[in-house]
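Inside the fold
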Amino acid sequence: MSEAAATAIGRPADSAIPLIEARQVTRILPGIVPTTLVRDINLKIRDREFVAITGPSGSGKSSLLYLLGLLDLPTSGDVLIKGKPTSRMNDDELAFTRLSMLGFVFQFHFLLPEFTILDNVALPMRALGALSAKAMRERARELLSSLGLDDHINKRPDQLSGGQRQRVAVARALANDPEVILADEPTGSLDSKSSEQVFELLREIVNRGKTVVAVTHDLGLAERMDRRVILIDGGIATDRATAGSGA
């Protein structure tokens, strides 16, 4: 986070170890003509932030989000999770970090159609293996109930509306109680009413003490978040507090 943006939202720029930090991160796809997705990214994501990543199509927004979420690895530079360089982690450590600390919400929910929404929400907990089968189902039920889906827990995704499916995706992202939610165009495929519901849900997640980083093309929503990072041609052009931060 830039010094100015941190000061503007009332948070010291270096008051604590960031939850996620990108240091000189570059990602290049190899090929006959190599493609640079992001370049020289320096970015700190801290506790209880609501961050929008915006920019033109092809500017590297989703690529950056996947790097921050350890779904992709940088060609050069490093991503640190709570001060620990991920370049030094083996595959098991990377997988554990993703499952325990990070939750993901995508534009297209990627729910498994053959499972009920209860079972879909339980999947990350099964992968982590920290709870009993009974405890997993109880937590999945509690999460769905908290999002107004308690009457739908035994339905499959194709029996729900688009907005309901995205709420299930949010519940799944919260399954392992991660510190950070990374959302890639979470409202991109929704109508305006459902988009507003998902935005308010993400805001509530931040209010409850978590961090949300969201890629969005919706500049109106971006300005209602607390901080906006603008990418152009794979690099950070601007990193600032928004009007929505109260600055």
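This structure is a prediction, so every number in the text was calculated from the model and none was measured. (Residues numbered from 1 in each chain as written. Predicted model: local features only at pLDDT ≥ 70, side-chain atom pairs only at ≥ 80, totals over all residues. Heavy atoms only, no water.)

Focus: the overall build of the protein
- From N to C terminus, the protein includes eight helices and 10 strands.
- Against the 2.2 N^0.38 benchmark of 18 Å for 247 residues, the protein shows a C-alpha radius of gyration of 18 Å, consistent with a compact globule.
- The principal-axis extents of the C-alpha atoms in the protein amount to approximately 45 × 40 × 40 Å.
- When the 247 residues of the protein are sorted by exposure, 50% land in the buried category.
- For the protein, restricting intrachain contacts to residue pairs at least 6 apart in sequence, the fraction spanning at least 24 positions comes to 68%.
- Of the roughly 11,400 Å² of accessible surface on the protein, 51% is carried by carbon and sulfur atoms.
- Here the protein carries 30 positive and 31 negative side-chain charges, and the mean point of each set is 2 Å from the other. (Helix = DSSP H or I, 4+ residues; strand = E, 2+ residues; numbered from the N terminus. Rg over C-alpha atoms; globule rule 2.2 N^0.38 Å. Buried < 20%, exposed > 50% of the residue type's maximum accessible area, 1.4 Å probe, protein only. Contact = heavy atoms within 4.5 Å. Areas by Shrake-Rupley, 256 points an atom, 1.4 Å probe, with all protein chains shown as cover. Lys, Arg positive; Asp, Glu negative; His and termini not counted. Charge placed at Lys NZ, Arg CZ, Asp CG, Glu CD.)

A few points about helix H4 (residues 117–128)
- Of the positions making up H4, those classed as buried are Ile117, Leu118, Asp119, Asn120, Val121, Ala122, Pro124 and Met125.
- Backbone geometry just after H4 places Gly129 at a positive phi near 75 degrees.

Digging into the nonpolar core
- Within the largest apolar cluster, 38 residues are counted, with the highest numbers of intra-cluster contacts made by Leu144 and Val168.
- When contributions to this core are tallied by element, the ones reaching two or more residues are strand E3 (50–54), H4, helix H5 (133–146), helix H6 (162–173), strand E7 (180–184), helix H7 (192–207), strand E8 (211–215) and helix H8 (219–224).
- Per-element accounting of this core gives the leading share, six residues, to H7.
- The residues contacting Leu144, other than those within four sequence positions of it, are Ile117, Leu118, Val121, Leu149, Asp150, Ile153, Val168 and Ala171.
- Within the second largest apolar cluster, 29 residues are counted, among which are Leu19, Ile41, Val51 and Met89. (Core = buried A, V, L, I, M, F, W, Y, C linked by side-chain atoms within 4.5 Å.)

Observations regarding the sheet that holds strand E4 (residues 76–81)
- Read across the open sheet, the four strands follow the order E2-E1-E4-E5; overall the sheet is antiparallel. The sheet is open, and its two edges are formed by strand E2 (35–45) and strand E5 (84–85), each paired on a single side.
- Inspection of the sheet shows strand E1 (residues 20–29) paired to E4 by five bridges, in the antiparallel sense. Paired with Thr26 across the bridge in E4 is Ser76. (Pairing = 2+ DSSP bridges.)

Focus: the sheet that holds strand E6 (residues 102–106)
- Pairing is mixed across the open sheet formed by six strands, whose spatial order is E6-E7-E8-E3-E9-E10. One side of each edge strand has no neighbouring strand; the edge strands of this open sheet are E6 and strand E10 (235–241). Strand-to-strand twist in this sheet, taken as the mean axis angle between neighbours without regard to direction, amounts to 15 degrees.
- Bridge count between E3 and E8: four bridges; the pairing is parallel. By the bridge assignment, Ala52 is partnered in E8 with Ala214.
- In the packing of H7 onto the sheet, contacts are made with E3, E7 and E8, and the angle to E3 comes to roughly 135 degrees. (Axes fitted to C-alpha atoms, helices over the stretch in contact; angles between N-to-C directions.)

Concerning the packing of aromatic side chains
- Under the defined criterion, the tally for this structure stands at four aromatic pairs.
- Where Phe106 meets Phe110, the ring centres are 5.6 Å apart and the plane angle is 65 degrees; that geometry is what we call edge-to-face. (Phe/Tyr/Trp six-rings, centres within 6.5 Å; stacked < 30°, edge-to-face > 60°.)

Topic: the side chain of Asn120
- Positionally, Asn120 belongs in helix H4.
- The exposure class of Asn120 is buried, given its relative accessible area of 0%.
- Once you skip the residues sitting within four places of it in the chain, Asn120 turns out to touch Leu111, Leu112, Phe115, Pro157 and Arg172.

Some words on the environment of Met89
- In this structure, Met89 sits in the loop between E5 and helix H3 (91–101).
- For Met89, a relative accessible area of 10% puts it in the buried group.
- When the C-alpha positions of Met89 and His152 are compared, they lie 39 Å apart, and in sequence the two are 63 residues distant.
- Excluding residues within four positions of it along the chain, Met89 makes contact with Lys84, Leu94 and Thr97.

With respect to the confidence of the model for the protein
- With 92% of its residues at a pLDDT of at least 70, the protein reaches an overall mean of 88.
- Within the model, the stretch residues 1–14 combines pLDDT values under 50 with 32 contacts to residues more than four positions away or in other chains. (pLDDT = per-residue confidence, 0-100.)

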